[in-house]
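Next come the chains, spelled out residue by residue.
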Amino acid sequence: MLKIIAFVLVLALSAIGCSKDSDLVEPVEIPVNRQVVFSVYAAGDYSAPTFRQVETSLTLTAGVINMETGTFTQKWDTVITRPILDFPVEEQALTIEKSIPLRLNKERLQVAHSIRYNNNGQLSQTANFETLPSDQVRHLKKIGL
């Protein structure tokens, strides 16, 4: 009888030991959406005749950076090209809103914009990249041209 109890006890411990391996599987993280709102406007008064021929090209980009590998994955981008006179003042800013999915424990949201000015063949360009905190659900990026 003592041998049977010992045998059942060994079987029970083996069964418990085997089930612990399934606890080691890493849970799959479900991506959450983060909102990026780009607010684009003319940062100055461009009504002077010298600005009539200035063509502006604005590139907006949003994506995620993998925190383990440092790899950037672009999720969305667009290019807006128009004369600088056609951009609205800040109170009437052009607003573009995008939702970007990311895994909070492994990724960070990154946004970028570049502005290229063409004034009769004279080119100038600026660019900005920013990694945003993942604890915020909505981010506002003001871009004054």
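As a starting point, this report considers the structure included with it. This one's a predicted model, so the numbers in the text were calculated from it and none came from an experiment.

Right, let's talk about unusual backbone geometry for a bit. Although it is not a glycine, asparagine 120 adopts a positive phi angle of roughly 55 degrees. Structurally, asparagine 120 can be placed in the loop between strand 5 (107–119) and strand 6 (122–132). Take asparagine 120: its relative accessible area is 59%, and that puts it in the exposed class.

Across the sheet, 3 strands lie side by side as 4-1-7; this open sheet has mixed pairing. Both edges of this open sheet fall to strand 4 (94–102) and strand 7 (138–144), since each of them pairs with a single strand only. Ignoring which end each strand starts from, the neighbouring axes of this sheet average 20 degrees apart. Of the pairings in the sheet, the one linking strand 1 (residues 32–41) to strand 4 comprises 9 bridges and is antiparallel in character.

Burial within strand 1 is extensive, with 7 of its 10 residues counted as buried. Of the strand pairs in this sheet, strand 1 and strand 7 are connected by 7 bridges, and their pairing is parallel. If you follow valine 40 over to strand 7, its bridge partner there is isoleucine 143.

Here the focus is the packing of aromatic side chains. In this description, a pair of aromatic rings is defined by centroid distance and the angle of the planes. By the definition in use, this model includes 2 aromatic pairs. The ring centre of phenylalanine 87 lies 5.2 Å from the NZ or CZ of arginine 82, which sits over that ring.

Let's shift gears to the environment of threonine 71. As for its position among the elements, threonine 71 is in the loop between strand 2 (54–66) and strand 3 (72–83). For threonine 71 and glutamate 107, which are 36 residues apart along the polypeptide, the C-alpha to C-alpha distance reads 9.6 Å. In this view, threonine 71 contacts Val64, Ile65 and Asn66; residues no more than four positions away in its chain are not counted. A distance of 2.9 Å separates polar atoms of two side chains, one belonging to threonine 71 and the other to threonine 69.

Another aspect to go through is the nonpolar core. Buried together is how nonpolar side chains tend to be arranged in soluble globular proteins. Core analysis: the largest hydrophobic core is formed by 24 residues, its most contacted members being Phe38, Leu58, Leu60, Trp76, Ile143 and Leu145. When residues of this core are traced back to their parent elements, those giving at least two are strand 1, strand 2, strand 3, strand 4 and strand 5. The element that contributes the greatest number of residues to this core is strand 2, accounting for 5 residues. Among residues more than four places away in sequence, those in contact with tryptophan 76 are Phe38, Leu60, Thr61, Ala62, Ile96, Lys98 and Ile100.

Rules behind the numbers
Residues numbered from 1 in each chain as written. Predicted model: local features only at pLDDT ≥ 70, side-chain atom pairs only at ≥ 80, totals over all residues. Heavy atoms only, no water. Helix = DSSP H or I, 4+ residues; strand = E, 2+ residues; numbered from the N terminus. Buried < 20%, exposed > 50% of the residue type's maximum accessible area, 1.4 Å probe, protein only. Pairing = 2+ DSSP bridges. Axes fitted to C-alpha atoms, helices over the stretch in contact; angles between N-to-C directions. Phe/Tyr/Trp six-rings, centres within 6.5 Å; stacked < 30°, edge-to-face > 60°. Lys NZ or Arg CZ within 6 Å of the ring centre and 35° of its normal. Contact = heavy atoms within 4.5 Å. Polar contact = N/O pair within 3.5 Å; in protein donor to acceptor, adjacent residues only side chain to side chain. Core = buried A, V, L, I, M, F, W, Y, C linked by side-chain atoms within 4.5 Å.

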